[in-house]
Each structure stands twice: as C-alpha cells, then as structure tokens.
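Spelled out, the chains give:
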Amino acid sequence: MSGTFVGMPAFPKAAHEAVNNPTLRGNLRHATHTIRAKREKAVAEVSDWAELREAGKRIKDHTLRHLDDYLVQLEESVTAAGGIVHWAADADEANRIVTELVKATGESEVVKVKSMATQEIGLNEALEEAGIHAYETDLAELIVQLGKDRPSHILVPAIHRNRGEIRDIFAKEMSEWGRPAPEGLTDTPAELAEAARLHLREKFLRAKVGVSGANFMVAETGTLVVVESEGNGRMCLTLPETLISVVGIEKIVPTWQDLEVFLQTLPRSSTAERMNPYTSTWTGTTDGDGPKTFHLVLLDNGRTDTLADEVGRQALRCIRCSACLNVCPVYERAGGHAYGSVYPGPIGAILSPQLRGTASEIDASLPYASSLCGACYEVCPVAIDIPEVLVHLRERVVQGGEVTREGNKVVLKPAKGHAAERAAMRAARWAFARPGAVRAGQRLASRTRRLHPRRLPLPGPGKAWSETRDLPPVPAEPFRDWWQRTQDGKGGAK
C-alpha cells in the first residue's frame, strides 16, 4: 500500500487534536447523523434485507475462496471484449503502468472518476512527478483537491468541510486549476454546485484520457461497474479517447446475477437511496461508442497477503458503502484524517493494517481505534465482523505476528509475545490455581476499597490507557462471601 499517509502520528495523538476542534466535530456530527437516519429508513423499506445481507456475504466469500480462477476468467473476458489487462503487484508498479500509458497517448492531463484505489497508491502524486495533471471530477474530491487537503470519509471525502469553507476554497483556488469561481459566489448549495459544474465542464470536453476505479467487476463478461450520484463519473467514462481503470483484485463478482444483490444493498447503505442515480457499466471497447482504448490495471498491493489471514480476510468483502463510519462513535469524534489512511473509520482500522502491515506507529495503533461497540457490524451490508477482526489484529500487534512472504509462499510469522502480557498471564495462572489465594485477595480488596485510587497509576506506555479509564468500584463484600452467607445447607438461596 502507498506510504502517502505513513509518517503521521499514531491514532491517539491525531484523534486528540481532532476532538479539540469544535468546527470539525460539529461538521462530522451533523453529517453522520443525517446520513445515518436516512439509511435506517431506506433499509427498513426492504423486507428481505437480512437475506440480501447474507447473500452478499456468501457471494463475496465464495469469490475470495476462488479468486485465482475468477481473475483468470476476468482477464479472458476483458481481453475478448477489446480491453488490455495489466497486473500490478504493488503501488509502485501500478503507478508506473498508468504513468507510461498516459505518456504513450502524448497527453499531459487526465480527468478522474472518484477512486479510492488510486488514492491508496498515491496515483495523483506519481502523475504529478511525471508532469501529468490529474483532475478530480467528483464534487467532494474536487473540494479536497482544491483545498490541498486529504479525504476524510469514504462516501463524502469533504465531510469535514462546511459550506462556508467550501465557498472560500472555490473562490481562492479554482482560478489556479482552470475556470475561476463566479464573482460574488455565496455558500448556497446550488451556487456551489453550479461553480463546480462550470469549472469541470471545460475539463470534460478537453480531456483525452480518463482514469477510474470500479465498484465491481463481472468475471463472466469482463464488465466494470461504477455507481455514483452526480453524473461526473459518466462524463469521464464516455468522453475521453482512452480509459484506464485501476481496480483492487477483490472487486470481482462472478456473474451479473450476483451483481444484482449489491446494486440493492450498496445504494441504501451508502446514500440511503433505493436506486443509485448513475450506474455506469462498460465492457471493453465498442466502435463509435465510448473510449477507443481501454486498459484495466488489476491491483494487489497487499490484498493477497490479507487473503492468507483466515480471520482478517473478511475485510476484503467491503463494498465501500461507508455505513460503518456513520455509526461509529470514534469516527464521529475523531474524523477521518486521524486514521492516517485513505480508508478511515472502522473498515480502515482493519483494512489498512492488513494492506500496509503494522510496522509503523500509525498502523499499529489503528486496531485500537474502536470501542468495540459492534455498531459497525450491525450495519455492514456484507456482514463483516469488524470487532472480531479488530481484536484479532490487536493480538497480532501485541504478539508481534506479521503476515509475510517467503518466496511465493505467504506465511504468518511466529508471534514473539509481549513480556508484560506473559508475566501477567503467569501471575493469573498461579492465582487461579489456588482458590484460597483468590479468596484472600478479594477480601483484602473489599476491606481496603476506600483507599483505592480512581485510576490505575501506570507508568510509561500504560499511562495512555489508564489515564482515560476509571477503575470499577470494588464491592463491599466479595461474591464468594455473599454466596456462602446467603445459602442454606441444602444449597438454596435464602
């Protein structure tokens, strides 16, 4: 995975700064609560939502188990339809392939459909180094790009900005990227949308190369699918002469019938709509219709290694709906930038450490960026048990276990263990093997409970955990003593 965000502070430090920003918290609270309420109503309309959710889970799991076969089938189908398939093992290779393809056209600019895969690999930066300008055309991505910012939400990348901030960005930055914002621009949504429309239209009509991702790829026909709400994506997919799509290898579904399930669950889970406003599909090339040349770059970038983890691989089911972000109490308060990745929120907390590994401070901290409340699992349309994966990754971080590659084989490195944890477990084993010691300790704790501190005074790294958590109150009487006192000789409670 690209190192674009690596080097940022660990989640606790980044989140601490975010929660002290009242404007950010207000923007996030308003947006997430609004989207969450709308989604609840949209899902409630579907009587068989639970069955659709289970179907989506099974389709994804089946595809991941047979991913090698479906990738081969997809390549054959795309090639037969007139497309050209490229394989990229990592971000550097994907960026090199795309850069060379653009250079081969002789063009120095591209228009882009919103694509998390290209953000993941840092494609815009790689193109810029090669003298190629990449223009984002999704409205929220345009706001982020003009503001020299980073996306903070999967569905609404500029969720951390309010209307006034967006107006200021348009007025100040649009002229440097193309058509300037109209004079006297206000923060009225209609005026902001019109300013963006005028700014982007000249780019659509001029660009010869388009770059996209895809929400789904249909193996049986080689068809790619993009769902969006504005129509800008369709302009990028149809007007340029050359189309380059960069897509993660996990985005495959076997058949069109399988696609039907996700076209029902994705719109309701993401934008709370019954049907997506713009669903664009393309299969290779067709004379006189759409791009003359189509390239598909299939991106691994850590996905194969993630597949090797029987617990963690369920993260690859994700269809990028962002429902988990909108219900997460941690995301609502910390915002997306604190996660140090293009994938924020609960899904990012389990996906990024698997794609990038847990060697960096930020990636080692992400599995702990959760209260484990389970709300993310409840709303996930493909039933990813995010809390289960979070606990699994915490264990990996503590023990030092890493998924690595030895030659052509993917293996899990033996965990070294954590000295403090081992010592605590040995002490617990000794105590629990001696009931008398446990009973004496409980009685001592009860009798001295008035002297107990409110928080555990841990030194060093343990302080970060203890200073935000109160110790639970110790009861006046241990359970064992209460049980003996309230039972008669026959074992019945009095």
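Structural data are supplied above this passage.
Everything in this summary refers to the structure shown in the same document. Note that this is a predicted model, so its numbers are computed, not measured.

1. What about the overall build of the chain?
Looking only at helices and strands, the chain features 23 helices and twelve strands. For a compact globule of 494 residues, the expected C-alpha radius of gyration is about 23 Å, and the chain comes in at 26 Å, within 12% of that figure. The principal-axis extents of the C-alpha atoms in the chain amount to approximately 90 × 55 × 45 Å. Taking all 494 residues of the chain together, the buried fraction comes to 49%. Taking contacts inside the chain between residues at least 6 apart in sequence as the whole, the part at least 24 apart equals 73%. A total of about 23,900 Å² of accessible surface is found on the chain, and carbon and sulfur atoms cover 53% of it.

2. Notes on the nonpolar core
Counting 101 residues, the largest nonpolar core has F11, F170, L296 and I350 as its most contacted members. When near neighbours in sequence (up to four residues on either side) are disregarded, L296 contacts L74, V78, I84, V85, H86, M217, L224, S245 and V247. Listed in part, the 20 residues of the second largest apolar core include A88, A91, L123 and I244.

3. Some thoughts on the pattern of salt bridges
Counted under the stated rule, the structure contains 24 salt bridges. Note that D61 is salt-bridged to R317, the shortest N-O span being 2.8 Å. Placement of D61 in helix α3 (residues 49–65) and of R317 in the loop between α13 (303–307) and α14 (323–327) is noted, with a sequence separation of 256 residues between them. Judged by its relative accessible area of 5%, R317 is buried. Two residues, E136 and K112, come together in a salt bridge whose shortest N-O distance is 3.0 Å. With E136 in strand β3 (residues 133–136) and K112 in strand β2 (residues 109–112), this pair connects stretches of sequence that are 24 residues apart. On the basis of relative accessible area, K112 is assigned to the buried category, the value being 1%.

4. Quick look at a nonpolar patch on the surface
On the surface, a cluster of nonpolar side chains totalling about 340 Å² of accessible area is made up of L456, L458, W465 and L471. Assignment of secondary structure puts L471 in the loop between α22 (462–466) and α23 (479–486). With relative accessibility at 33%, the residue L471 sits in the partly exposed group.

5. Section: the sheet that holds strand β10 (residues 293–299)
Strand order across the open sheet formed by six strands is β1-β10-β7-β4-β2-β3, with parallel pairing between neighbours. Edge positions in the sheet fall to β1 (84–88) and β3, since each has one partner strand and no second. On average, each strand axis in the sheet is inclined to that of its neighbour by 25°, with strand direction left out of account. In terms of strand pairing, β1 meets β10 through five bridges, oriented parallel. Within β10, the residue paired with A88 across the bridge is L299. Each of β1 and β10 is contacted by helix α4 (residues 67–80), which is oriented at about 145° to β1, the strand it contacts most.

6. Quick look at the environment of R197
With respect to the helices, strands and loops of the structure, R197 is situated in helix α10 (residues 189–206). The spatial distance from the C-alpha of R197 to the C-alpha of L139 is 8.7 Å, given a sequence separation of 58 residues.

7. Things to note about unusual backbone geometry
In the Ramachandran plot, S322 falls in the positive-phi region, its phi being about 75° despite a non-glycine side chain. The residue S322 is located in the loop between α13 and α14 in this model. Within the chain, A383 stands out as a residue other than glycine whose phi angle is a positive 55°. Locating A383 in the fold gives a position in the loop between α18 (375–379) and α19 (386–399).

8. Topic: the side chain of T242
Within the element layout of this structure, T242 appears in strand β7 (residues 242–248). The class of T242 is buried, set by a relative accessible area of 10%. Dropping the residues within four chain positions of it, T242 is found in contact with T105, K208, V209, G210, P291, T293 and H295.

9. Regarding the environment of T105
Within the fold, T105 resides in helix α5 (residues 91–105). Remark: the alpha-carbon pair of T105 and A349, spanning 244 residues in sequence, is separated by 39 Å. Non-local contacts of T105, meaning those with residues more than four positions away in its chain, are made with V209 and T242. For T105, the side chain forms a polar contact with the main-chain nitrogen of E107, separated by 3.2 Å.

10. Re the packing of aromatic side chains
Enumeration over the complete set of coordinates arrives at eight aromatic pairs. Their ring planes at 55° and their centres at 4.9 Å tell us that F11 and Y339 sit as a pair that is tilted. Taken as a pair, F11 in helix α1 (residues 11–19) and Y339 in the loop between α15 (329–334) and α16 (345–356) lie far apart in primary sequence, 328 residues in all. Classification of F11 as buried rests on a relative accessible area of 7%. Look at Y339 and you get buried, because its relative accessible area is 0%. Aromatic pair W482 and W483: ring centres 6.2 Å apart, planes at 50°, arrangement tilted. When its relative accessible area of 45% is taken as the criterion, W483 is described as partly exposed. An aromatic cluster is defined as three or more aromatic residues linked by ring pairs; in this entry it consists of F11, Y331 and Y339. Lying across the ring of F262, K60 places its NZ or CZ 5.8 Å from the centre.

11. Thoughts on the state of the cysteines
Enumeration over the complete set of coordinates arrives at zero disulfides. C321 supplies the cysteine sulfur nearest to C380, a cysteine that is in no disulfide, at a spacing of 6.2 Å. Exposure remark for C380: the relative accessible area of 9% places this residue in the buried category.

What counts and what doesn't
- Residues numbered from 1 in each chain as written.
- Predicted model: local features only at pLDDT ≥ 70, side-chain atom pairs only at ≥ 80, totals over all residues.
- Heavy atoms only, no water.
- Helix = DSSP H or I, 4+ residues; strand = E, 2+ residues; numbered from the N terminus.
- Rg over C-alpha atoms; globule rule 2.2 N^0.38 Å.
- Buried < 20%, exposed > 50% of the residue type's maximum accessible area, 1.4 Å probe, protein only.
- Contact = heavy atoms within 4.5 Å.
- Areas by Shrake-Rupley, 256 points an atom, 1.4 Å probe, with all protein chains shown as cover.
- Core = buried A, V, L, I, M, F, W, Y, C linked by side-chain atoms within 4.5 Å.
- Salt bridge = Lys/Arg side-chain N within 4 Å of Asp/Glu carboxyl O.
- Patch = residues over 30% accessible without salt bridge, like charges linked within 9 Å, V, L, I, M, F, W, Y side chains within 5 Å.
- Pairing = 2+ DSSP bridges.
- Axes fitted to C-alpha atoms, helices over the stretch in contact; angles between N-to-C directions.
- Polar contact = N/O pair within 3.5 Å; in protein donor to acceptor, adjacent residues only side chain to side chain.
- Phe/Tyr/Trp six-rings, centres within 6.5 Å; stacked < 30°, edge-to-face > 60°.
- Lys NZ or Arg CZ within 6 Å of the ring centre and 35° of its normal.
- Disulfide = S-S within 2.5 Å.

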